[in-house]
Amino acid sequence: MRRDSAHGVVTQIVAEFQQQPQLILGVAPEGTRRKVSQYRSGFWQIAKQAQVPIQLLGLDFASKQLVFGPVMLPGESFEQDCAQMRLFFQQMQAKNPEFA
């Protein structure tokens, strides 16, 4: 996905959710190649506009487990939702902790 300019990806994916009776969108985690200070908002915008829940999944490399977290509906604030997500993800040990 090109991130240097807008391509209407959020709008396209929201339209797919409206057309398909069942659809699951998986999004790769931030911070796998470099440290990031904040989450990008595209996944949240998609869930909010399509009125679909977000299923949190964590990869805990210490226990080598896929951890299912809470299912959450996007609220009114991306920042508040991200704060809740961070609480869940802080429980996981990252593969590259220096990027977490």
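The rules behind the values
Residues numbered from 1 in each chain as written. Predicted model: local features only at pLDDT ≥ 70, side-chain atom pairs only at ≥ 80, totals over all residues. Heavy atoms only, no water. Helix = DSSP H or I, 4+ residues; strand = E, 2+ residues; numbered from the N terminus. Buried < 20%, exposed > 50% of the residue type's maximum accessible area, 1.4 Å probe, protein only. Contact = heavy atoms within 4.5 Å. Areas by Shrake-Rupley, 256 points an atom, 1.4 Å probe, with all protein chains shown as cover. Expected span 1.5 Å × (residues − 1). Arc of directions from axis to C-beta. Polar contact = N/O pair within 3.5 Å; in protein donor to acceptor, adjacent residues only side chain to side chain. pLDDT = per-residue confidence, 0-100. Patch = residues over 30% accessible without salt bridge, like charges linked within 9 Å, V, L, I, M, F, W, Y side chains within 5 Å. Salt bridge = Lys/Arg side-chain N within 4 Å of Asp/Glu carboxyl O.

Enquirer: Would you take a moment to explain the overall build of the protein for this structure?
Expert: A tally of regular secondary structure across the protein gives three helices and two strands. Out of the 100 residues in the protein, the part that is buried amounts to 23%. Considering only contacts within the protein whose residues lie at least 6 apart along the sequence, 55% involve residues at least 24 apart. Of the roughly 7800 Å² of accessible surface on the protein, a fraction of 52% belongs to carbon and sulfur atoms.

Enquirer: I tried to follow helix α3 (residues 78–89) on my own but got confused; where do I start?
Expert: Count 3.6 residues to each turn of an α-helix, and residues three or four apart come out pointing the same way. The end-to-end C-alpha distance of α3 is 16 Å, a good match for the 16 Å that 12 residues give at a rise of 1.5 Å each. Within α3 the residues assigned to the buried category are F78, D81, C82, M85 and F88. Relative to the axis of α3, the buried residues are bounded by an arc of 110° and lie together on one face. Set apart from the buried face of α3 by more than 90 degrees, the exposed residues are E79, Q80 and L87. Lining the buried residues of α3 we find α2 (42–50), β1 (54–60) and β2 (65–72). Capping of α3 at its N-terminal end is provided by S77; its side-chain oxygen lies 3.3 Å from the backbone amide nitrogen of E79.

Enquirer: I'm lost on the confidence of the model for the protein in this one. Help?
Expert: Mean pLDDT over the protein stands at 86; residues scoring 70 or higher make up 87%. The least confident element of the protein is β1, whose mean pLDDT is 91; the most confident is α2, at 94.

Enquirer: What is the right way to read a nonpolar patch on the surface from this model?
Expert: Where nonpolar side chains cluster on the molecular surface, the patch consists of L57, L59, F61, L66 and F68 and spans about 520 Å² of accessible area. Elements that contribute at least two residues to the nonpolar patch include exactly β1 and β2. Tracing the backbone shows L57 in strand β1. On the accessibility criterion, L57 (41% relative accessible area) is partly exposed.

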